[in-house]
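Residue-level structural notes
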Amino acid sequence: MIKFINVSKTYNKDIIALSNVSFEIENGEFVFIVGPSGAGKSTLIKLLLKEEEPTTGTIIINKKDITKLKRREIPYLRRSMGVVFQDFRLLPNKTVFENVAFAMEIVGASHKEIRRRVPMVLSLVGLSDKADNYPQQLSGGEQQRVSLARAIVNEPSILIADEPTGNLDPDTSWEIVKLISEINKRGTTVVMATHAKDIVDAMKKRVIALEKGNMVRDEVRGAYDYAL
Ligand code: ADP
Ligand code: ADP
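Here's what I pulled together on the structure shown here. Just so it is clear, the structure is predicted and the values come from calculations on it, not from any experiment.

Brief notes about the overall build of the protein
Within the protein, the regular secondary structure consists of seven helices and 10 strands. Computed over its C-alpha atoms, the radius of gyration of the protein comes to 17 Å, within 12% of the 17 Å expected for a compact globule of 228 residues. Burial statistics for the protein: of 228 residues in total, 50% are counted as buried. Sequence-distant contacts, at least 24 apart, represent 67% of the contacts inside the protein between residues at least 6 apart. For the protein, the accessible area works out to roughly 11,500 Å², and carbon and sulfur atoms hold 49% of it. Treating the 33 positive side-chain charges of the protein as one cloud and the 29 negative ones as another, the clouds have centres 6 Å apart.

Structure representation (structure tokens):
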């Protein structure tokens, strides 16, 4: 469960990135965050990941007020969330297998567990045959699949995707969205910030729209723009 209660974020005292935003996302939901450039989407995601702190307001994730977490509790928060970005952020000197395994090593998983889980998630994203390749040997779509595998390998309750199709052609974008949709159907909450109007309009999922830091829409089966 994700809950924003009257959350505002101001940068440098005068740049209002988010203004009094409140919403609640239940476990297992699929939510698009839309809005023009500068609307506050990335800020919302950074607040979720605790990469930024709200100026005012409360953010609750899985029943915990994350604005009040102790330093030693932050790794547990991060572990409950998997993240994918527009630019994939894979480690260039590690193979596909090693990139995914690394996410497990960070949280102290055993070699046995790594040898079991990594092939499982690579198969889930359709990359079993690329395990020994390096990221630069893969297409953009394949790199984003690796990044998805890495995001879910520790079984987070929430998957956060920040413009995950921003660098991909339309067909490849759809493949990635279908994978994200499958991950959601297996029970993971998905929060996806995107500019991809076609995808948002076809998926008919919940849409939270931001404009100049204000939440201007929250629709259950929403579209990218206002319904006519
Ligand atoms: P979006 O992701 O929707 O493009 P952002 O959350 O990146 O929007 O930005 C919202 C507003 O906050 C913009 O006016 C942007 O310039 C500003 N902003 C974002 N990050 C910073 C920062 N680190 N310092 C100052 N201003 C920022
Ligand atoms: P479902 O949620 O029903 O399993 P998907 O998640 O695969 O379906 O796709 C959601 C919606 O996106 C469906 O309405 C589907 O028709 C549409 N869609 C899937 N692939 C494409 C594509 N390549 N181009 C346009 N629309 C697509």
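Moving on from the model shown.
A few points about the site of ligand 2
Taken together, Trp174, Lys178, Ser181, Lys185, Ala202 and Met203 make up the full set of residues near ligand 2. A distance of 3.3 Å separates an oxygen atom of ligand 2 from a polar side-chain atom of Ser181. Contact with the protein chains hides 47% of the accessible area of ligand 2, taken as 550 Å² for the molecule alone. It is helix H6 (residues 170–185) that provides the largest number of residues to the shell around ligand 2, a total of four residues. Its residues assigned to classes, the shell around ligand 2 comprises three nonpolar, one polar and two charged.

Thoughts on the site of ligand 1
The environment of ligand 1 is made up of Tyr11, Asn12, Ile15, Ala17, Pro36, Ser37, Gly38, Ala39, Gly40, Lys41, Ser42 and Thr43. Between an oxygen atom of ligand 1 and a main-chain N or O atom of Gly40, the distance comes to 3.0 Å. Considered on its own, ligand 1 offers 570 Å² of accessible surface; in the complex 65% of this is hidden by protein. Residue assignment for the shell around ligand 1 shows that the elements contributing at least two residues are strand S2 (15–25) and helix H1 (41–48). Looking at which element gives the most residues to the shell around ligand 1, the answer is H1, with three residues. Across the shell around ligand 1, the residue classes break down as five nonpolar, six polar and one charged.

Some remarks on the sheet that holds strand S4 (residues 56–61)
With antiparallel pairing, four strands are arranged side by side in an open sheet as S2-S1-S4-S5. Only two strands of the sheet have a single neighbouring strand rather than two, namely S2 and strand S5 (64–65). Alignment of strand S1 (residues 2–11) against S2, held across seven bridges, turns out to be antiparallel. Looking at the pairing, Lys9 lines up with Leu18 of S2.

Comments concerning H6
Given a rise of 1.5 Å per residue, 16 residues ought to cover 22 Å, and the 22 Å separating the end C-alpha atoms of H6 matches this to within 8%. N-capping of H6 is provided by Asp169, with a side-chain oxygen placed 3.2 Å from the backbone N of Asp171. Just downstream of H6 lies Gly187, where phi reads positive at about 115°.

Definitions and cut-offs
Residues numbered from 1 in each chain as written. Chains lettered and ligands numbered in written order. Predicted model: local features only at pLDDT ≥ 70, side-chain atom pairs only at ≥ 80, totals over all residues. Heavy atoms only, no water. Helix = DSSP H or I, 4+ residues; strand = E, 2+ residues; numbered from the N terminus. Rg over C-alpha atoms; globule rule 2.2 N^0.38 Å. Buried < 20%, exposed > 50% of the residue type's maximum accessible area, 1.4 Å probe, protein only. Contact = heavy atoms within 4.5 Å. Areas by Shrake-Rupley, 256 points an atom, 1.4 Å probe, with all protein chains shown as cover. Lys, Arg positive; Asp, Glu negative; His and termini not counted. Charge placed at Lys NZ, Arg CZ, Asp CG, Glu CD. Near = heavy atom within 4 Å. Polar contact = N/O pair within 3.5 Å; in protein donor to acceptor, adjacent residues only side chain to side chain. Nonpolar A, V, L, I, M, F, W, Y, C, P; charged D, E, K, R; others polar. Pairing = 2+ DSSP bridges. Expected span 1.5 Å × (residues − 1).

Interpretation note: all reported values are geometric properties and have no functional meaning in isolation.
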